[in-house]
Amino acid sequence: MGDRYYITYEALGKPLAPRDVFVPGLGTVYLDDADIYYAKRTAGAAFYIRKSKALGDNYFVTVSRVQPG
């Protein structure tokens, strides 16, 4: 399916509701309710994202959330 990319919640602009976030040079990252819930409650929140076949070539979805250590 392709490579995973690491991206922080801060780099995504800290959205407070589910939405598509355009990231220059990468594409559009889709954040759902669970992603936002996690990010608002986790210091230093970050995600691993991957291209989505279902949404199209320029869309990315979360494949895992970085857990605090």
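See above for the structure.
What you are looking at is a predicted structure, and each value in this text was computed from that prediction instead of being measured. (Residues numbered from 1 in each chain as written. Predicted model: local features only at pLDDT ≥ 70, side-chain atom pairs only at ≥ 80, totals over all residues. Heavy atoms only, no water.)

Explain the sheet that holds strand E5 (residues 56–65) here, please?
Adjacent strands of a sheet form backbone hydrogen bonds with each other and so pair up, either parallel or antiparallel. Judged by pairing direction, the sheet is mixed, and its five strands sit side by side in the order E1-E4-E5-E3-E2 without closing on themselves. A strand with exactly one partner marks an edge of an open sheet, and here the two such strands are strand E1 (4–8) and strand E2 (19–23). Taken pair by pair, the neighbouring strands of this sheet meet at an average axis angle of 35 degrees, ignoring direction. (Pairing = 2+ DSSP bridges. Helix = DSSP H or I, 4+ residues; strand = E, 2+ residues; numbered from the N terminus. Axes fitted to C-alpha atoms, helices over the stretch in contact; angles between N-to-C directions.)

Is there a simple way to think about unusual backbone geometry in this case?
Glycine aside, residues mostly have negative phi angles, and peptide bonds mostly take the trans form. Backbone geometry places lysine 14, a non-glycine residue, at a positive phi of 50 degrees. Within the element layout of this structure, lysine 14 appears in the loop between E1 and E2.

I keep staring at helix H1 (residues 33–41) and nothing clicks. Help me out?
Owing to its 3.6 residues per turn, the α-helix brings residues three or four apart onto one side. Considered for burial, the residues of H1 that qualify are Asp35, Ile36, Tyr38 and Ala39. The buried residues of H1 occupy an angular sector of 165 degrees when projected down its axis, which confines them to one face. For H1, exposure combined with an orientation more than 90 degrees from the buried face picks out Asp33, Tyr37 and Arg41. Tucked into the core, H1 has its buried residues touching strand E3 (27–31), strand E4 (46–52) and E5. Where H1 begins, one side-chain oxygen reaches toward the backbone nitrogen of alanine 34, 3.1 Å away; that side chain belongs to aspartate 32. (Buried < 20%, exposed > 50% of the residue type's maximum accessible area, 1.4 Å probe, protein only. Arc of directions from axis to C-beta. Contact = heavy atoms within 4.5 Å. Polar contact = N/O pair within 3.5 Å; in protein donor to acceptor, adjacent residues only side chain to side chain.)

Can you help me understand the pairing of E4 in this one?
Bridge count for E1 against E4 is five bridges, and the pairing is antiparallel. Bridging across to E4, threonine 8 finds its partner in alanine 46. What sits between the antiparallel neighbours E4 and E5 is a turn of three residues.

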